[in-house]
Every structure is written in structure tokens, then in C-alpha cells.
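Descriptive analysis of the structure
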Amino acid sequence: DYWDVTVPELIDRGIAETVDASALEALCQWWAEYQKLQQSEPADAGESYKRSIAMASAFKHWETLASKFGLNPQSREKITARPFNDEGGIEVYLR
């Protein structure tokens with residue numbers, strides 16, 4: 001899932017730390033909400049409109065948090081990160 005793919009790399013690159021857990025959890029929850037809405041089938045035009053609004057809101061919340069962790073090209077330029085290192089992975093930070 002999104003957490004398993006995204007968070008370990010953010011930790012390995014020194015972008016995220018334990019103190020960021022709540023923000024990372026919210027980031028993943030907003031992504032899950034966006035994905036759930038994207039896969040839902042609205043019953044009628046009114047529901048389709050409501051779904052579109054909810055999707056835009058979920059994506060905006062995700063995008064706001066994602067930018068804080070350098071998950072888009074523009075915000076990534078502003079973040080200093082360590083080069084990705086496969087040695088040790090997340091386990092190094094869990095000791």
C-alpha cells in the first residue's frame with residue numbers, strides 16, 4: 001500500500017523521522033480516500049458531482065501534505081535529502 005511504498009524511502013533519505021508519523025499517516029489516509037472515491041461508481045449525476053468535489057478535496061489535502069515531504073518535483077527541489085541507500089533500510093531507524 002501507499003505507506004509501504006512511500007514512507008520507507010522518505011525515512012531512508014532523511015526526509016521523514018518518527019516525529020512526522022502523524023503527518024505521514026494523514027498523507028496516506030488522504031491518498032486512500034482519493035483512491036476509494038476514484039474507484040466508486042456514482043448512482044446519478046448528483047452523486048457524480050458530489051464525488052468530483054470530494055475527490056478534489058481529498059487530492060488537495062494529499063497534495064498539501066505531499067509537498068511537505070518533497071513528493072512533487074517543485075517541492076523536491078527545496079528539500080535536502082540523503083541519496084537513497086539500500087543498506088540497512090528502515091531497520092536502521094527502528095533500532
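The structure displayed is predicted, hence computed values, not measured ones. (Residues numbered from 1 in each chain as written. Predicted model: local features only at pLDDT ≥ 70, side-chain atom pairs only at ≥ 80, totals over all residues. Heavy atoms only, no water.)

A short note on the overall build of the protein chain
- Along the protein chain, the regular secondary structure elements total 5 helices and 0 strands.
- In sequence order, the protein chain lays out its α and β elements as α-α-α-α-α.
- Counting across all 95 residues of the protein chain, residues that qualify as buried make up 23%.
- Look at the contacts in the protein chain between residues 6 or more apart in sequence, and 64% of them connect residues 24 or more apart.
- Of the accessible surface of the protein chain, which amounts to about 6,800 Å², a share of 53% is contributed by carbon and sulfur atoms. (Helix = DSSP H or I, 4+ residues; strand = E, 2+ residues; numbered from the N terminus. Buried < 20%, exposed > 50% of the residue type's maximum accessible area, 1.4 Å probe, protein only. Contact = heavy atoms within 4.5 Å. Areas by Shrake-Rupley, 256 points an atom, 1.4 Å probe, with all protein chains shown as cover.)

Topic: the pattern of salt bridges
- Tallied over the full model, the rule gives 2 salt bridges.
- When the shortest N-O distance is used, the salt bridge between E33 and K36 registers 3.3 Å. With E33 and K36 both in helix 2 (residues 21-39) and 3 residues apart, this pair spans about one turn of that helix.
- Note that K50 is salt-bridged to E47, the shortest N-O span being 3.9 Å. Of this pair, K50 and E47 both sit in helix 3 (residues 45-68), 3 residues apart, which is roughly one turn of the helix. (Salt bridge = Lys/Arg side-chain N within 4 Å of Asp/Glu carboxyl O.)

Notes on the nonpolar core
- L10, A16, L24, L27 and F69 are the most contacted members of the largest nonpolar core, which totals 13 residues.
- Looking at this core, the elements that each hand over two or more residues are helix 1 (2-12), helix 2 and helix 3.
- Broken down by element, this core gets its largest block of residues, 4 residues, from helix 1.
- In this structure, A16 is in contact with L10, I11, L24 and F69, ignoring residues within four places of it in sequence. (Core = buried A, V, L, I, M, F, W, Y, C linked by side-chain atoms within 4.5 Å.)

Points about the confidence of the model for the protein chain
- Across the protein chain, pLDDT averages 87, with 85% of residues at or above 70.
- Per-residue pLDDT, averaged within each element of the protein chain, yields its smallest value for helix 5 (residues 91-94) (50) and its largest for helix 2 (96). (pLDDT = per-residue confidence, 0-100.)

Some thoughts on the packing of helix 2 against helix 3
- Interaxial distance between helix 2 and helix 3 falls to 8 Å at its minimum, and their mutual angle equals 155°. Judged on the interaxial angle alone, helix 3 and helix 2 are roughly antiparallel. Here the hand of the crossing between helix 2 and helix 3 comes out left-handed. Where helix 2 approaches helix 3, its residues A23, A26, L27, W30, W31, E33, Y34, L37 and Q38 are matched on the opposing element by R51, A54, M55, A58, F59, H61, W62, L65 and A66.
- Partitioning the contact of helix 2 with helix 3 into residue classes produces 14 nonpolar, 2 polar and 2 charged. (Axes fitted to C-alpha atoms, helices over the stretch in contact; angles between N-to-C directions. Parallel < 35°, antiparallel > 145°, perpendicular 65-115°, else oblique. Left-handed = near helix turned anticlockwise from the far one by under 90°. Nonpolar A, V, L, I, M, F, W, Y, C, P; charged D, E, K, R; others polar.)

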